2 protein chains.
Amino acid sequence: METPTSTWQTPARRAQAEAKRAAILDAAEELFVASGYELTSVDAIAARAKVSKRTVYDHFGDKQSLFWAVLGRVDEILLATIRTAVAAELTDGRDLREALLAFVQRLTTDVLPSSTYANFRHLVSRTSTAPKDPNRSTEAPEQVLEERFAQLAAAGELTFTDRRRAVQHFFVLTMSLLLDAIDQSPDGTVDPAEARAIITDGVDAFLRAYR
Amino acid sequence: METPTSTWQTPARRAQAEAKRAAILDAAEELFVASGYELTSVDAIAARAKVSKRTVYDHFGDKQSLFWAVLGRVDEILLATIRTAVAAELTDGRDLREALLAFVQRLTTDVLPSSTYANFRHLVSRTSTAPKDPNRSTEAPEQVLEERFAQLAAAGELTFTDRRRAVQHFFVLTMSLLLDAIDQSPDGTVDPAEARAIITDGVDAFLRAYR
DNA sequence: TACACACTACACCGTGCAGTGTAGTTTTGC
DNA sequence: GCAAAACTACACTGCACGGTGTAGTGTGTA
């Protein structure tokens, strides 16, 4: 058959194929996150997805393409999550500190627990072992926040000269430290109290620097 | 022979052995940093060190131990560099902003260009593919800065409740962003002007938050 | 009924790599 | 000169893994 995704089939067949495809992506994501690109074998992915190895190759061609497909899905989810969180928490008129705290809290509970993005940041950014995707925008998430920060600055709630830098600082003061805390601990979980402390300290430091 | 490091030999022999050992560590460091743990073969390390593969195994036993040895050396150098930089730049009576700028600048020029620590941070922290060393203190560098920050707080130059957190924030606002910038760029180098901008922005933000 | 699609099971190939065994060479200390 | 240390060259094992080829199975669809 080769590339079942190319032509247009009857809905029933198509649905089955999509289900398998999703299962493979799920399994691949878990294993890549857990063990990294090199140490994750296609056989293991197939086994976890309860799918024959051949099906994996029929769907994705090779290991690299599968990895990129996983990455693409993760990027999508992440971007959607950030957009939602911005829209839901960073609302006008709300106390800025409360808004930012809620925003980060929401991001962590929505994205990190599935551990989706947490370790992928490390996997991708510089595992150096993972193959680099030629076409992908690592900028998107930041830009969403940048726009909102610009509005906040216009409203006098924040003060900065370089909005890009301000967003960078916000991210490292909150998300980066949370990610660090996560993969510092052996089991990959962080004490919720510690997490809250990191978040509040980060937000407060940010506000002292940029209010 | 097996493990030439165990018994005590005559100086000449020992010196030769040490030279080889150092050459192996150098080669291993370069290759691990460049390609990651998995993708670096022991054969490649031996070739680069201009040493027979057998010698590598005679010295280090296996690939993991070699990796840990490299890590240990990097840790030592890093710690010494930080101590020196603290002593040299974070002196009493100096304008705090100038001192912190010089401190970060010195760290980057002393540690990053050799790229020693830059990518190793990524290799170790969560490559997940790299083997974990059971006994190593990832805390040391931070603690050096913590002590100095505590003194600065006592002198009224800084204000914070949690000195550990303050140091974390300082690191992410400066070094983390520099490392990010480095491995964001394909060739592993950063425009010096951009680097300076990152440093000054980071230090200024830190001072706004903690002065 | 018959076809095509998605999939499985499984054998198979090539390769790269960690690690070993060994015989031989150079150097050093006595 | 001799013995041992340090090292080289090289062959070799074992294995895991990426990827392919193929024969066969079940199932919606025409």
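Reference entry: report on the structure contained in this document. Residue indices follow the written sequence of each chain, beginning from 1 at its first position. Here chains are named by letter from A upward and ligands by number from 1 upward, in the order in which they appear as written. Selection of residues for local features in this predicted model requires a pLDDT of at least 70, selection of side-chain atom pairs for listing and counting requires 80 or more, and totals for whole chains, interfaces and linings are taken over all residues. Where side-chain values are given, they derive from all heavy atoms of the structure, hydrogens and water being excluded.

**With respect to the overall build of chain A**
The test is simple: A helix here means a DSSP run of H or I that spans at least four residues, while a strand means a run of E at least two residues long, and both kinds are numbered starting from the N terminus. Note on classification: 1.4 Å probe, protein chains only; a residue is buried when its accessible area is under 20% of the maximum for its type, exposed when over 50%, partly exposed between these limits. The contact rule is simple, with two residues in contact once any of their heavy atoms fall within 4.5 Å. In this description, accessible areas are obtained by the Shrake-Rupley approach with a 1.4 Å probe, and a residue is regarded as covered only by the protein chains that are shown.
Looking only at helices and strands, one finds nine helices and zero strands in chain A. Helices (α) and strands (β) of chain A occur, in sequence order from the N terminus, as α-α-α-α-α-α-α-α-α. Counting only residues that meet the buried cut, chain A has 46% of its 211 residues in that class. Partitioning the intrachain contacts of chain A with sequence separation of at least 6 by distance along the chain shows that 68% fall at a separation of at least 24. When the accessible surface of chain A is split by element, carbon and sulfur atoms take 52% of a total near 10200 Å².

**With respect to the environment of M175(B)**
Residue and element names in this part refer to chain B. Within the element layout of this structure, M175 appears in helix 8 (residues 163-184). Of the residues examined, M175 reaches a relative accessible area of 13% and is grouped as buried. On a C-alpha basis, the gap between M175 and I199 in space is 8.0 Å, while along the polypeptide they are 24 residues apart. Contacts of M175, omitting those with residues within four sequence positions, involve V104, L107 and T108.

**Focus on the packing of aromatic side chains**
Formally: Two rings from Phe, Tyr or Trp (for Trp, the six-membered ring) form a pair when their centres sit within 6.5 Å of each other. Planes less than 30 degrees apart are called stacked, planes more than 60 degrees apart edge-to-face, and all others tilted. Lysine and arginine charges are scored as sitting over a ring when NZ or CZ, respectively, is within 6 Å of the ring centre and within 35 degrees of the ring normal.
Across all of its chains, the model carries 18 aromatic pairs over all chains by this definition. Aromatic side chains F149(B) and F206(B) sit 5.6 Å apart centroid to centroid with 35 degrees between the ring planes, which places their arrangement in the tilted category. Of this pair, F149(B) sits in helix 7 (residues 140-154) while F206(B) sits in helix 9 (residues 192-210), and the two are 57 residues apart along the sequence. By the ring-pair criterion, three or more aromatic residues cluster together here, those being F103(A), F149(A), F160(A), F170(A), F206(A) and Y210(A). One Lys or Arg, K63(A), reaches over the ring of Y37(A) and ends 4.5 Å from the middle of that ring. Sitting over the face of the ring of Y210(A), R208(B) holds its NZ or CZ atom 4.9 Å from the ring centroid.

**With respect to the pattern of salt bridges**
Residue and element names in this part refer to chain A. How we decide: The term salt bridge refers to a pairing of a side-chain nitrogen on Lys or Arg with a carboxyl oxygen on Asp or Glu at a separation within 4 Å.
In the structure shown here, the tally under the stated rule is 29 salt bridges over all chains. Between E18 and R14 there is a salt bridge, with the nearest N and O atoms lying 3.6 Å from each other. With E18 and R14 both in helix 1 (residues 11-35), this residue pair falls four residues apart, about one helical turn. One network of salt bridges, with partners in common, ties together E89, R94, R106 and D110.

**What to know about helix 9 (residues 192-210) of chain A**
Which entries qualify depends on this criterion: Here a helix's expected span is defined as the number of its residues, less one, multiplied by 1.5 Å.
With 19 residues, helix 9 of chain A should cover 27 Å at 1.5 Å per step; its first-to-last C-alpha distance of 27 Å lies within 8% of that length. Buried within helix 9 of chain A are the following residues: A195(A), I198(A), I199(A), T200(A), G202(A), V203(A), A205(A), F206(A), L207(A), A209(A) and Y210(A). Buried residues along helix 9 of chain A sit in contact with helix 5 (96-111), helix 7 (140-154) and helix 8 (163-184) of chain A together with helix 8 and helix 9 of chain B.

**Regarding the environment of A22(A)**
Within the fold, A22(A) resides in helix 1. The spacing of A22(A) and V70(A) is 48 residues in sequence and 9.8 Å in space, taken between C-alpha atoms.

**What to know about the packing of helix 7 of chain A against helix 8 of chain A**
Residues and elements named next belong to chain A. The line we're drawing: With axes taken as lines fitted to C-alpha atoms, and helix axes fitted only over the stretch in contact, angles between N-to-C directions fall between 0 and 180 degrees. Orientation categories follow fixed angle ranges, with anything under 35 degrees roughly parallel, anything over 145 roughly antiparallel, 65 to 115 roughly perpendicular, and all other angles oblique. Helix crossings get a hand from a simple test, with the near helix turned counterclockwise from the far one by less than a right angle marking a left-handed crossing and a clockwise turn marking a right-handed one.
Two elements in contact, helix 7 and helix 8, have axes separated by 9 Å at closest approach and are oriented at 115 degrees. In this view, helix 7 runs roughly perpendicular relative to helix 8, as classed from their interaxial angle. Helix-helix and strand crossings are classified by hand; for helix 7 and helix 8 the assignment is right-handed. Residues E142, L145, E146, F149 and A150 of helix 7 lie in contact with helix 8, whose contacting residues are R163, R164, A166, V167, F170 and F171.

Everything listed here is a matter of geometry and, on its own, says nothing about what the molecule does.
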